[in-house]
Amino acid sequence: MPALQLLQSYLDEIGTAVLVGDWETYRNHVHMPFTLITETATLNVTTEADLKRGFDSFHEMLKFQKVTDYVRLAESAVDISDHLISGRYVSHFIAGSHRIVPPFRSTMTLRLIGNTWRAVAITNSISNMQWPIQVPRVDQPLKGTDE
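Bear in mind the structure is a predicted one, so any value in this text is a computation, not a measurement.

Visitor: How do you make sense of the nonpolar core when you look at a structure like this?
Guide: Inside soluble globular proteins, nonpolar side chains tend to come together where they are buried. If you look at the biggest cluster of nonpolar residues, it comprises 36 residues, and the most contacted ones within it are Met 108 and Leu 110. The contact partners of Leu 110, leaving out residues within four places of it in the chain, are Leu 6, Leu 7, Tyr 10, His 83, Leu 84, Ile 85, Trp 117, Arg 118 and Ala 119.

Set out below in structure tokens:
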């Protein structure tokens, strides 16, 4: 499967898992330790308990904000090796017909472990400084959007 298609499939599956609160699917698609890099911090998630705390917090935020669509659209992806890909995507958080935060870009690195692609690192254009992420803090709208 081409890297871009693989990344989009991964994003769709994990986005749905977070939206509906499917911890098992999410957990099986994240490799520990996991690194999240924002504009202001490098956050290392080293334990399953910390990962679960972040998952629960993010899922609860989506529910509280009444997010109906958590959409991440892959823009580009490359095969670094047979077991490693990296790709860029844009995230959208929508409640009905309203954006919760402006769209923002991220880059994700996936590693094939066994038969499962797992996230090992994400770099986001958000400015959150601590784990778990309560609400993505987007300081600058994407260029070319009217947000």
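Visitor: What am I meant to see in the sheet that holds strand 2 (residues 42-45) here?
Guide: Hydrogen bonding along the main chain pairs the strands of a sheet, whether they run parallel or antiparallel. Strand order in the open sheet formed by six strands is 2-1-6-5-4-3, and the pairing between neighbours is mixed. With one partner strand each, in any of the chains shown, strand 2 and strand 3 (69-81) form the two edges of the open sheet. In this sheet, adjacent strand axes meet at a mean angle of 20 degrees when their direction is disregarded. Pairing between strand 1 (residues 30-37) and strand 6 (residues 116-124): four bridges, direction parallel. Each residue of the ladder has a partner; that of Thr 35, found in strand 6, is Ala 121. Its contacts with the sheet put helix 1 (residues 3-20) on strand 1, strand 3, strand 4 (84-95), strand 5 (98-113) and strand 6, and the angle it makes with strand 3 is roughly 145 degrees.

Visitor: What's the story with the side chain of Ser 86 in this structure? I'm lost.
Guide: For Ser 86, the location among the structural elements is in strand 4. Apart from residues no more than four positions distant in its own chain, Ser 86 is found in contact with Ser 76, Ala 77, Val 78, Ile 80, Thr 107, Met 108 and Thr 109.

Visitor: Please clarify how helix 1 should be interpreted in this entry.
Guide: Structurally, the α-helix is built with 3.6 residues per turn, so residues lying three or four positions apart point the same way. When the terminal C-alpha atoms of helix 1 are compared, their 26 Å separation across 18 residues agrees well with the 26 Å that a helix rising 1.5 Å per residue should span. All of the buried residues in helix 1 are Ala 3, Leu 6, Leu 7, Gln 8, Tyr 10, Leu 11, Ile 14, Gly 15, Ala 17 and Val 18.

Visitor: Please clarify how unusual backbone geometry should be interpreted in this entry.
Guide: Leaving glycine aside, a negative phi is the common case for residues, and trans is the common case for peptide bonds. Omega for the peptide link from Met 32 to Pro 33 comes to -5 degrees, which places this bond in the cis form. By secondary structure assignment, the location of Pro 33 is in strand 1. Phi at Lys 66 is positive, roughly 60 degrees, even though this residue is not glycine. Position of Lys 66 relative to the elements: it lies in the loop between helix 3 (48-64) and strand 3.

Visitor: Looking at this structure, I do not really get the environment of Glu 60. What am I missing?
Guide: Relative to the helices and strands, Glu 60 is located in helix 3. Taking the C-alpha atoms as reference, Glu 60 lies 9.3 Å from Val 18; in sequence the two are 42 residues apart.

Visitor: Explanation requested: the side chain of Thr 25 in the structure shown.
Guide: Relative to the assigned elements, Thr 25 resides in helix 2 (residues 23-27). Thr 25 gets classed as buried once you look at its relative accessible area, which sits at 19%. Dropping the residues within four chain positions of it, Thr 25 is found in contact with Glu 13, Ile 14 and Ala 17.

Visitor: Teacher, can you tell me more about helix 3 here?
Guide: Between its terminal C-alpha atoms helix 3 stretches 24 Å, which fits the 24 Å expected from 17 residues at 1.5 Å a residue. Within the sequence span of helix 3, burial applies to Leu 51, Gly 54, Phe 55, Ser 57, Phe 58, His 59, Met 61 and Leu 62. Check the buried side of helix 3 and you find it contacts helix 1, helix 2, strand 1, strand 2, strand 3 and strand 4. Where helix 3 terminates, the next one or two residues include Lys 66, which has phi positive at roughly 60 degrees.

What counts and what doesn't
- Residues numbered from 1 in each chain as written.
- Predicted model: local features only at pLDDT ≥ 70, side-chain atom pairs only at ≥ 80, totals over all residues.
- Heavy atoms only, no water.
- Core = buried A, V, L, I, M, F, W, Y, C linked by side-chain atoms within 4.5 Å.
- Buried < 20%, exposed > 50% of the residue type's maximum accessible area, 1.4 Å probe, protein only.
- Contact = heavy atoms within 4.5 Å.
- Pairing = 2+ DSSP bridges.
- Helix = DSSP H or I, 4+ residues; strand = E, 2+ residues; numbered from the N terminus.
- Axes fitted to C-alpha atoms, helices over the stretch in contact; angles between N-to-C directions.
- Expected span 1.5 Å × (residues − 1).

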